[in-house]
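# Fold and geometry: a report
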Amino acid sequence: MARLTKAQREWRPGMPKKRRSTKVMFASTVLLLEAFVAFFATLAVFGLKLGEFPPALILGVGIALSVVMILACAVLAKPWGIALGWILQIVLILIGIVEPMMFLVGALFGLAWWYGIRTGIRIDSEAAQRELEQAQWNAAHPEAS
């Protein structure tokens, strides 16, 4: 029999499902898309700048950056996760030193990151307010629930 996760062991019938942060979902989406962009930028730099840089350096740095972006999705819920995401935004923009088109691509993804974080925070706060108001209404009207 498979091992149960902590959440599965602690679950009881009627328990409300914990709401996942919209900010984390938006940030994860942007980081995952950036990981693909970093990988394809690595291939572009590999093809265009092969004589200027060693192939192992190009592929190693590019693939490592893609992997770090994917792994960063797992820590976005932690307090330092969003800061790591901002650092990765700067790194993506700085790839433009090697391939100038990445200045534009990195800036656009940085804008998408900023918008996703800002909008996610707003949506999360609105959802928390709705849950609070619903709990207050349920407490005031026990016969309705």
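Throughout what follows, the structure given in this document is the object of discussion. (Residues numbered from 1 in each chain as written. Predicted model: local features only at pLDDT ≥ 70, side-chain atom pairs only at ≥ 80, totals over all residues. Heavy atoms only, no water.)

Now for the overall build of the protein chain. A count of helices and strands for the protein chain gives 5 helices and 0 strands. For 145 residues, the compact-globule estimate of 2.2 N^0.38 gives 15 Å, and the C-alpha radius of gyration of the protein chain, at 21 Å, exceeds that figure by more than 25%. Here the protein chain holds 145 residues, and the buried ones make up 29% of them. Long-range contacts, defined here as pairs at least 24 residues apart, represent 67% of the contacts in the protein chain between residues at least 6 apart. For the protein chain, the exposed area adds up to about 10000 Å²; of that, 72% sits on carbon and sulfur atoms. The average position of the 14 basic charges and that of the 9 acidic charges among the side chains of the protein chain differ by 8 Å. (Helix = DSSP H or I, 4+ residues; strand = E, 2+ residues; numbered from the N terminus. Rg over C-alpha atoms; globule rule 2.2 N^0.38 Å. Buried < 20%, exposed > 50% of the residue type's maximum accessible area, 1.4 Å probe, protein only. Contact = heavy atoms within 4.5 Å. Areas by Shrake-Rupley, 256 points an atom, 1.4 Å probe, with all protein chains shown as cover. Lys, Arg positive; Asp, Glu negative; His and termini not counted. Charge placed at Lys NZ, Arg CZ, Asp CG, Glu CD.)

All right, on to the side chain of T42 then. Note that T42 resides in helix α2 (residues 22-48). The exposure class of T42 is buried, given its relative accessible area of 7%. Setting aside anything within four residues of it in sequence, one finds T42 in contact with I58, L59, G62 and I63.

Tallied over the full model, the rule gives 2 aromatic pairs. Residues F39 and F40 carry aromatic rings whose centres are separated by 5.5 Å and whose planes lie at 65° to one another, so their mutual orientation is edge-to-face. (Phe/Tyr/Trp six-rings, centres within 6.5 Å; stacked < 30°, edge-to-face > 60°.)

Glancing now at helix α4 (residues 81-94). A rise of 1.5 Å per residue sets the reference length of α4, with its 14 residues, at 20 Å; its end C-alpha atoms lie 20 Å apart and thus fit the reference within 8%. Taken together, the buried positions of α4 are occupied by G81, I82, G85, L88, Q89 and L92. Burial along α4 is one-sided: seen end-on, the buried residues are contained in an arc of 110°. Of the exposed residues in α4, those oriented more than 90 degrees away from the buried face are I87 and I90. For α4, the secondary structure elements touched by its buried residues are α2, α3 (55-72) and α5 (101-140). (Expected span 1.5 Å × (residues − 1). Arc of directions from axis to C-beta.)

Attention now moves to the layout of surface pockets. Summary: where empty space remains is shown by rolling a probe the size of a single water molecule over the atoms. In this model, the largest pocket occupies a volume close to 310 Å³. Forming the boundary of the largest pocket are 13 residues, of which I58, V61, G62, I95 and V98 lie nearest the centre. Of all the secondary-structure elements, those providing two or more residues to the lining of the largest pocket are α2 and α3. A per-element tally of the lining of the largest pocket places α3 first, with 5 residues. Of the residues contributing to the lining of the largest pocket, the split by class is 11 nonpolar, 2 polar and no charged. (1 Å grid on protein atoms, 1.4 Å probe; cavity = no way out; pocket = protein on both sides within 12 Å on 5 of 7 lines; lining within 4 Å. Points joined across faces, edges and corners; volume = space filled by probe spheres on them. Nonpolar A, V, L, I, M, F, W, Y, C, P; charged D, E, K, R; others polar.)

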